[in-house]
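As a plain string of letters, each chain reads:
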Amino acid sequence: MRDHSEGPRGHEGSQNSENDQQGAMPPAVWTGRATNRAQWLLAGAGAACLALGIELAVDSTWTSGLAPLLMAVVGCVAAGLLMLYGTLAFVHVAVRVDKDTLEVRCGHIGVPRTRIPLSHVVGADFDPRVTPRQWGGWGYRWRPEKGTAVVVRRGEGLVVRLGDGRTFTVTVDDAEAAVRVIRARLRLLGAGRAASA
């Protein structure tokens, strides 16, 4: 996916890396996305589990009693709902960087959503290979030794270092552009703090 930056008047245009390295003004808003279409297969499996649970509840001829039937129905419905939510919530991610905030929204309804004020960020780095294996799976992940991550696919990602020593990683297309924009914003914030001191 290409870098989608909005200029001062809200028009979309591409970020020029040479201008950014020379200290040019970052765009007013940068947006990026990442999508994993393979997770739709898991959503299909979740829908199948949900349908099986409903089928068992409606048209059951179990002769071994009510308790096993109830456990099977509840298990299928719960597994189906968890799989559906987990895949639909993390089938894609949208990242937005404006003058004050890094915002990450997951899935079609934007939940979970994470907002990180840039005043809490001390640095941003590009990671060319973020994988679910590094984080213990897909989705919103937390590991004490690594920090927090939103992983919807393997590939390039943005790693934000926070002032408290933690990191926040998100897989997003054209993560290098996001790093450039965040670094430019941090330079502006640093210059503003120095001027006010």
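Residues numbered from 1 in each chain as written. Predicted model: local features only at pLDDT ≥ 70, side-chain atom pairs only at ≥ 80, totals over all residues. Heavy atoms only, no water.

## Digging into the side chain of T114
Then, number 1: Inspection of the secondary structure puts T114 in strand 6 (residues 113-117).
Then, number 2: A distance of 3.0 Å separates the side chain of T114 from the side chain of Y140, its partner in a polar contact.
Then, number 3: When near neighbours in sequence (up to four residues on either side) are disregarded, T114 contacts L102, E103, V104, Y140 and F168. (Helix = DSSP H or I, 4+ residues; strand = E, 2+ residues; numbered from the N terminus. Polar contact = N/O pair within 3.5 Å; in protein donor to acceptor, adjacent residues only side chain to side chain. Contact = heavy atoms within 4.5 Å.)

## Side note on the pattern of salt bridges
Pairing of side chains with opposite charge becomes possible as their charged atoms draw close.
Then, number 1: Evaluated as defined, the whole model comprises 9 salt bridges.
Then, number 2: We note a salt bridge from D173 to R153, for which the minimum N-O separation is 2.8 Å. With a gap of 20 residues between them, D173 in the loop between strand 11 (167-171) and helix 5 (175-196) and R153 in the loop between strand 9 (147-151) and strand 10 (155-162) connect regions that are remote in the sequence. In this pair, the class of D173 matches that of R153, namely buried. (Salt bridge = Lys/Arg side-chain N within 4 Å of Asp/Glu carboxyl O. Buried < 20%, exposed > 50% of the residue type's maximum accessible area, 1.4 Å probe, protein only.)

## Quick look at the pairing of strand 6
It is a general feature of regular strands that their side chains alternate between the two faces of the sheet.
Then, number 1: Across the two faces of strand 6 the burial differs, with T114 and I116 buried and R113, R115 and P117 not buried at all.
Then, number 2: Taken together, the 5 bridges between strand 5 (residues 101-106) and strand 6 define a ladder with antiparallel strand orientation. Residue pairing in the sheet places T101 in a bridge with P117 of strand 6.
Then, number 3: Between strand 5 and strand 6, which follow one another and run antiparallel, lie 6 residues, and G107 among them has a positive phi close to 70 degrees. (Pairing = 2+ DSSP bridges.)

## A word on the sheet that holds strand 11
Then, number 1: Across the sheet, 5 strands lie side by side as 7-10-11-9-8; this open sheet has mixed pairing. The open sheet is flanked by strand 7 (121-130) and strand 8 (139-143), the only strands paired with a single partner. Adjacent strand axes in the sheet meet at a mean angle of 20 degrees, parallel and antiparallel pairs treated alike.
Then, number 2: Summarising the sheet, strand 10 and strand 11 pair through 5 bridges and their orientation is antiparallel. The residue of strand 11 that forms the bridge with G157 is T171. (Axes fitted to C-alpha atoms, helices over the stretch in contact; angles between N-to-C directions.)

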